[in-house]
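Descriptive structure summary
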Amino acid sequence: MDIQLLYGREGLQLTLPADANPTVIEKPPMPVLDDPSATIAAALDAADLGTLASGARSACILICDITRPVPNGLFLRPIIERLMAGGIAATDITILVATGLHRPNVEDELAEVVGDPWVSETVTVANHFARDDEAHVEVGHTSRGTVIKLDRRFVDADLRIATGLIEPHLMAGYSGGRKVITPGIAHADTITTLHNYQFMSDPRAVNCNLDGNPLHEEQLEAVAMIGGALALNTVIDDKRRLAFVNFGEIVASHLEAVAFMRPFAEVKTGRRFKTVVTSSAGYPLDKSFYQTIKGLVGPLGILESGGDLFVASRCEDGLGSPEYVAAQRRLLDLGREGFLASTAGNTHASIDEWQTMMLARPPEGVTVTLYSDGLDEEQRRLTSLQVTDDLNEAVAESLARHDDRDLAVIPEGPYVVPFAN
């Protein structure tokens, strides 16, 4: 039996033993839009974006970086055309790549992210740099005391628009909307506060949960501090086809998009499994091991105690940032408990160590095995996981070891979150 996993750009075929009994966990059939361009135009016109632009002199549009397959090429030009028709000069429109603390997207990669040469030729396209002190302005403190500093190009714009993709997020519940602002264009001080141990260890800061989620609540407070924003929200299916789009006030439109996504992203299995196989959703999300953690965390709720979790991720860019590599070294040096103890009292997390905190989430006794052909031997060691060169054989051995032919397979990785009940 063969099952295709999202892996890199081409996918990966998982071949199971003939007597295996797989439960394939995927989205219910998702209706896709017959005419995405017309639907986008209708959403923008329903909000009367041209009239909104007529009272503004400048606009800043946030887009996600290369790690998110947002269909920017479908909607950026229609947005910009309406802004210009409303009287905003092209020279006063900025597209800002909401990198958070990720590396900038440049040259061919930036062109891929924008998705439309006309856009790049017409308006300013720039990356956000979280460590550039002068590029940020302090806008206030949250009720928990977090200092919110945001990119002044967005804060100072007369018209502020965030765009993004609605998908489960292992810390913030769901991506998109307010998250594109914080941490998307936040200063490093703000980002490292919101990713410290206190936030990361909160049991409500998990996939698919917004109720009482401290990160979500901080993000909403940040939106209020700047007087609000607009948002264009998208949902795509497993073939990257547009299934939903809306445009409007950022909080309400984001919640509407999340409500659309929930029945597809949250799948109840009714049971747990001793063997689970997942992916990191393929390109572009599986470009690095750093991003792979999202795929690793998603299925933990359906894994039996003492079970085996297999994650397939291309990792063509290696582990991730130098700071993340340093965090992984600390994990190996200190061990799981020692590493977590070293982070527990810090008001600011070290950059990118939060994904290492997430890597420590699997309970004791669970074995996590990575399949990747993008890492060298030292990088494999630094993952702190078992690594296999033959996913098919490793899965077959797991089934035999547990004397259980049942397994769960999640081809789309973190875009689908299974729940045992």
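It should be noted that the structure appears before, not after, this text.
Okay, so let's go over this structure. Here the structure is a predicted model, which means the values were calculated and not measured.

**A look at the overall build of the chain**
Counting secondary structure elements, the chain contains 16 helices and 20 strands. Taking 22 Å as the expected radius of gyration for a compact globule of 421 residues, we find that the chain reaches 21 Å, a close match to that expectation. With the C-alpha coordinates of the chain rotated into their principal frame, the extents come out at 70 × 50 × 40 Å. Across the 421 residues of the chain, 59% fall into the buried class. Only carbon and sulfur atoms are counted for the fraction: they give 50% of the accessible area of the chain, which is about 16,000 Å².

**Observations concerning the side chain of Gln-219**
Considering the arrangement of structural elements, one finds Gln-219 in helix 10 (residues 214–225). Within the structure, the side chain of Gln-219 is placed 3.0 Å from the backbone oxygen of Thr-182, a separation counted as a polar contact. Setting aside anything within four residues of it in sequence, one finds Gln-219 in contact with Ala-172, Arg-178, Lys-179, Thr-182 and Pro-183.

**A word on the pattern of salt bridges**
If charged atoms from side chains of opposite charge come close, those side chains can pair. In the structure shown here, the tally under the stated rule is 29 salt bridges. Between Arg-131 and Glu-323 there is a salt bridge, and its shortest N-O distance comes to 2.7 Å. Of this pair, Arg-131 sits in the loop between strand 6 (124–127) and strand 7 (136–141) while Glu-323 sits in helix 13 (residues 322–343), placing them 192 residues apart in sequence. Of the charged contacts, one joins Lys-239 and Asp-238 as a salt bridge, the two residues approaching to 4.0 Å between their closest N and O atoms. For Asp-238, a relative accessible area of 35% puts it in the partly exposed group. What you see here is one network of salt bridges that share partners, running through Arg-103, Glu-109, Lys-287, Glu-316 and Asp-317.

**A closer look at the sheet that holds strand 15 (residues 273–279)**
Strands sit in the order 3-19-15-16-17-18 across an open sheet of six strands; the sheet is parallel. Sheet topology places strand 3 (21–24) and strand 18 (386–388) at the edges, where each strand pairs with a single neighbour. Averaged over all pairs of adjacent strands, the angle between strand axes in this sheet comes to 25 degrees, irrespective of strand direction. Summarising the sheet, strand 15 and strand 16 (residues 303–312) pair through six bridges and their orientation is parallel.

**Some remarks on the packing of helix 1 (residues 36–46) against helix 3 (residues 72–85)**
At a closest axis distance of 10 Å, the pairing of helix 1 and helix 3 adopts a crossing angle of 35 degrees. Where helix 1 crosses over helix 3, the handedness of that crossing is right-handed. Residues Pro-36, Ile-40, Ala-41, Leu-44 and Asp-45 of helix 1 touch helix 3, and the partners they reach there are Leu-74, Phe-75, Pro-78, Ile-79 and Arg-82. Residue composition of the contact of helix 1 with helix 3, by class: eight nonpolar, no polar and two charged.

**A word on the packing of aromatic side chains**
For the coordinates displayed, the defined rule picks out five aromatic pairs. Ring geometry for Phe-260 against Phe-264: centres 5.4 Å apart, planes inclined by 40 degrees, an arrangement best described as tilted. Of the two residues, Phe-260 and Phe-264 are both situated in helix 11 (residues 250–265); the distance of four residues between them amounts to about one turn of the helix. Phe-264 sits in the buried class, given a relative accessible area of 11%. Seen in terms of ring centroids, Tyr-290 and Tyr-324 are 5.3 Å apart; in terms of plane orientation they differ by 90 degrees. Their pairing is edge-to-face. Here Tyr-324 lies in helix 13 and Tyr-290 lies in helix 12 (residues 289–297), a separation of 34 residues in the sequence.

**A look at the nonpolar core**
For soluble globular proteins, nonpolar side chains are generally found buried alongside one another. Of all hydrophobic cores here, the largest spans 106 residues; its most connected members are Leu-49, Ile-61, Leu-62, Ile-79, Leu-83, Ile-181 and Phe-289. Per element, the largest residue contribution to this core is six residues, and it comes from strand 4 (residues 59–64). If we skip the residues at most four places from it in the chain, Ile-79 touches Leu-44, Leu-49, Ile-61, Ile-161, Thr-163 and Leu-232. One finds Val-277, Phe-310, Ala-312 and Val-409 within the second-largest nonpolar core, a separate group that totals 17 residues.

**Remarks on the pairing of strand 15**
Counting buried residues in strand 15 gives six out of seven residues, a clear majority hidden from the surface. What joins strand 15 to strand 16 is helix 12, and the crossover it makes is right-handed.

**Regarding helix 13**
For helix 13, which comprises 22 residues, the first-to-last C-alpha distance of 18 Å sits more than 12% below the rise-based estimate of 32 Å (1.5 Å per residue). Along helix 13, the sharpest change in direction is near 115 degrees and occurs at Gly-335. The complete set of buried residues in helix 13 reads Tyr-324, Val-325, Ala-327, Gln-328, Leu-331, Phe-339, Leu-340 and Thr-343. Buried-residue contacts for helix 13 involve helix 9 (197–200), helix 12, helix 14 (353–359) and helix 15 (377–382).

Rules of the game
Residues numbered from 1 in each chain as written. Predicted model: local features only at pLDDT ≥ 70, side-chain atom pairs only at ≥ 80, totals over all residues. Heavy atoms only, no water. Helix = DSSP H or I, 4+ residues; strand = E, 2+ residues; numbered from the N terminus. Rg over C-alpha atoms; globule rule 2.2 N^0.38 Å. Buried < 20%, exposed > 50% of the residue type's maximum accessible area, 1.4 Å probe, protein only. Areas by Shrake-Rupley, 256 points an atom, 1.4 Å probe, with all protein chains shown as cover. Polar contact = N/O pair within 3.5 Å; in protein donor to acceptor, adjacent residues only side chain to side chain. Contact = heavy atoms within 4.5 Å. Salt bridge = Lys/Arg side-chain N within 4 Å of Asp/Glu carboxyl O. Pairing = 2+ DSSP bridges. Axes fitted to C-alpha atoms, helices over the stretch in contact; angles between N-to-C directions. Left-handed = near helix turned anticlockwise from the far one by under 90°. Nonpolar A, V, L, I, M, F, W, Y, C, P; charged D, E, K, R; others polar. Phe/Tyr/Trp six-rings, centres within 6.5 Å; stacked < 30°, edge-to-face > 60°. Core = buried A, V, L, I, M, F, W, Y, C linked by side-chain atoms within 4.5 Å. Right-handed = clockwise from strand over helix to strand, strands pointing away. Expected span 1.5 Å × (residues − 1). Bend = angle between axes of the 7 residues up to and from the residue.

None of this, on its own, says anything about what the molecule does.
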